[in-house]
Amino acid sequence: MAYTSNWTGGYDLLASPVTFSVDHELSASEKKIVICATASAASKTLTLGLDEGEVIILINVGGTNAFTAKNVEGDTGTSIATGKVALIIGHKTADASVVKVLN
């Protein structure tokens, strides 16, 4: 896997707040290096859609609900509990992205 530091998708350093109550796929404008996500309903999935080697920090800032983070359709996904931070390195192959929950 080739890691990249150039954000050809136009990502910037601002944090992106994302709140969702149904399964949600990030739009281009929501893709930032830091994503502060809140699932307002239980058992929801956040699909990131990162290119191979793109890196983000995903924070579950919600007070109640964990959510499943995955990069592409077909991924098993990783549960991100409230208050948890994850470092994610994208990959276009299902279950090949690197997801490290940091706390």
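The shown structure was predicted, so the numbers you read here are calculated from the model rather than taken from an experiment.

Caption draft 1: Focus on the sheet that holds strand S9 (residues 98-101). Pairing is mixed in the open sheet, where five strands are placed in the order S1-S3-S5-S8-S9. Two strands in the sheet have a free side with no partner beyond their single neighbour: strand S1 (15-20) and S9. Each adjacent strand pair in this sheet contributes to an overall mean axis angle of 25 degrees, direction not counted. When strand S5 (residues 55-60) meets strand S8 (residues 85-89), the two strands line up antiparallel, connected through five bridges. Each residue of the ladder has a partner; that of Ile59, found in S8, is Val85.

Caption draft 2: Region of the structure containing unusual backbone geometry. The phi dihedral of Ser43 is positive, around 60 degrees, even though this residue is not glycine. Residue placement: Ser43 occurs in the loop between strand S3 (34-39) and strand S4 (44-47). For Ser43, a relative accessible area of 71% puts it in the exposed group. One non-glycine residue, Asp95, adopts positive backbone phi at about 65 degrees. Considering the arrangement of structural elements, one finds Asp95 in the loop between S8 and S9. Residue classification places Asp95 among the partly exposed positions, given a relative accessible area of 48%.

Caption draft 3: Quick look at the pairing of S8. Across four bridges, S8 lies against S9 in antiparallel orientation. Residue Ile89 lies in a different strand from S9, and its bridge partner there is Val98.

Caption draft 4: Examining the packing of aromatic side chains more closely. Using the criterion set out here, one finds one aromatic pair in the structure. When the ring of Phe20 is compared with that of Phe67, the centres are 5.5 Å apart and the planes differ by 75 degrees; the resulting orientation is edge-to-face. With Phe20 in strand S1 and Phe67 in strand S6 (residues 67-70), this residue pair connects regions lying 47 residues apart in the sequence. Taking the relative accessible area as the measure of exposure, Phe20 reaches 4% and is therefore buried.

Caption draft 5: A look at a nonpolar patch on the surface. Taken together, the side chains of Ile57, Leu87 and Leu102 define a hydrophobic patch exposed on the protein surface, amounting to about 230 Å² of accessible area. Relative to the helices and strands, Leu102 resides in the segment after S9.

Caption draft 6: Fine view of the sheet that holds strand S7 (residues 78-80). The strand order S2-S4-S6-S7 describes an open sheet built from four strands, whose pairing is mixed. Where the open sheet ends on each side, the last strands, each with one partner, are strand S2 (24-25) and S7. Where S4 lies against S6, four bridges are found, and the strand directions are parallel. Bridge assignment links Thr45 to a residue of S6, and that residue is Thr68.

Rules used in this analysis
- Residues numbered from 1 in each chain as written.
- Predicted model: local features only at pLDDT ≥ 70, side-chain atom pairs only at ≥ 80, totals over all residues.
- Heavy atoms only, no water.
- Pairing = 2+ DSSP bridges.
- Helix = DSSP H or I, 4+ residues; strand = E, 2+ residues; numbered from the N terminus.
- Axes fitted to C-alpha atoms, helices over the stretch in contact; angles between N-to-C directions.
- Buried < 20%, exposed > 50% of the residue type's maximum accessible area, 1.4 Å probe, protein only.
- Phe/Tyr/Trp six-rings, centres within 6.5 Å; stacked < 30°, edge-to-face > 60°.
- Patch = residues over 30% accessible without salt bridge, like charges linked within 9 Å, V, L, I, M, F, W, Y side chains within 5 Å.
- Areas by Shrake-Rupley, 256 points an atom, 1.4 Å probe, with all protein chains shown as cover.
- Salt bridge = Lys/Arg side-chain N within 4 Å of Asp/Glu carboxyl O.

Function cannot be read off these values alone, since they describe shape.
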